[in-house]
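Residue-level structure breakdown
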Amino acid sequence: MSETERFPSGTGRLLAGVAWVVLLLGLWLWGRGPGDVPAGAAGTAVGDMAAAGRPPRVVLPPAHPPRAAAEPRRLDIPALGIRLPVTQDGYGRSGAVGWHADGVAPGEPGAALMTASSGLRGAGTLEPGRKIRVARADALTAEFTVEDVQLRPGERFDARQAHEPRRAGRAELLLVVCGEDPGPTAGGCTADAVVSAYLTATGP
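So, here is what we can say about the structure in this document. (Residues numbered from 1 in each chain as written. Predicted model: local features only at pLDDT ≥ 70, side-chain atom pairs only at ≥ 80, totals over all residues. Heavy atoms only, no water.)

Okay, the environment of Thr115 next. Checked against the element boundaries, Thr115 lands in strand E4 (residues 110-115). Thr115 gets classed as buried once you look at its relative accessible area, which sits at 5%. Spatially, the C-alpha atoms of Thr115 and Val86 are 9.7 Å apart, while their sequence positions differ by 29 residues. (Helix = DSSP H or I, 4+ residues; strand = E, 2+ residues; numbered from the N terminus. Buried < 20%, exposed > 50% of the residue type's maximum accessible area, 1.4 Å probe, protein only.)

Now the structure itself:
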């Protein structure tokens, strides 16, 4: 059988053309580096995909050295728009915050205890990293950073135990407010929200 009989007319030229196209395509792909990604085709890195939807970690600032004792005059929570005067009756009348004067003052070493029966119920929703400022009688403002909020059954909470600092040597603040209020008809607060914070700055 002759060569012209083995292949139909033009088939040999077609096969040769296809072979050249495959060869040129292979050389073109081989010459492209692994970083040659077309514009707009960049994907998300594996690490970014693993972190998607994960809440950001709050980095708390270092503790500020404690200051000498001074009576608190006003308590501010900027995140909640709260500015209330401070009394020394321990539990605070309506529209005020009570400071337990038999303990330490906000800003000195130890855990200062402040409570409120009303006006601070939103404080139980504070998240770590939020600021609480206490204006003092020495014209300084002690700024505390929230590090924890816990709900405790109201009938089991002992304010005397709250005077114990969480870490020795720090100036801390424990703010106790109503965390769960069933309403005026039920009467009383069913659980206390204990906001734990520590001194991170002082200023005028």
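Attention shifts here to the pairing of strand E1 (residues 72-77). Note that E1 and strand E5 (residues 131-136) share 4 bridges and pair antiparallel. Residue pairing in the sheet places Leu75 in a bridge with Val134 of E5. The sheet contact formed by E1 and strand E2 (residues 82-87) spans 4 bridges and is antiparallel. For Asp76, the partnering residue across the bridge sits in E2 and is Arg83. Hairpin connection from E1 to E2: 4 residues lie between these consecutive antiparallel strands, with Gly81 at a positive phi of about 65°. (Pairing = 2+ DSSP bridges.)

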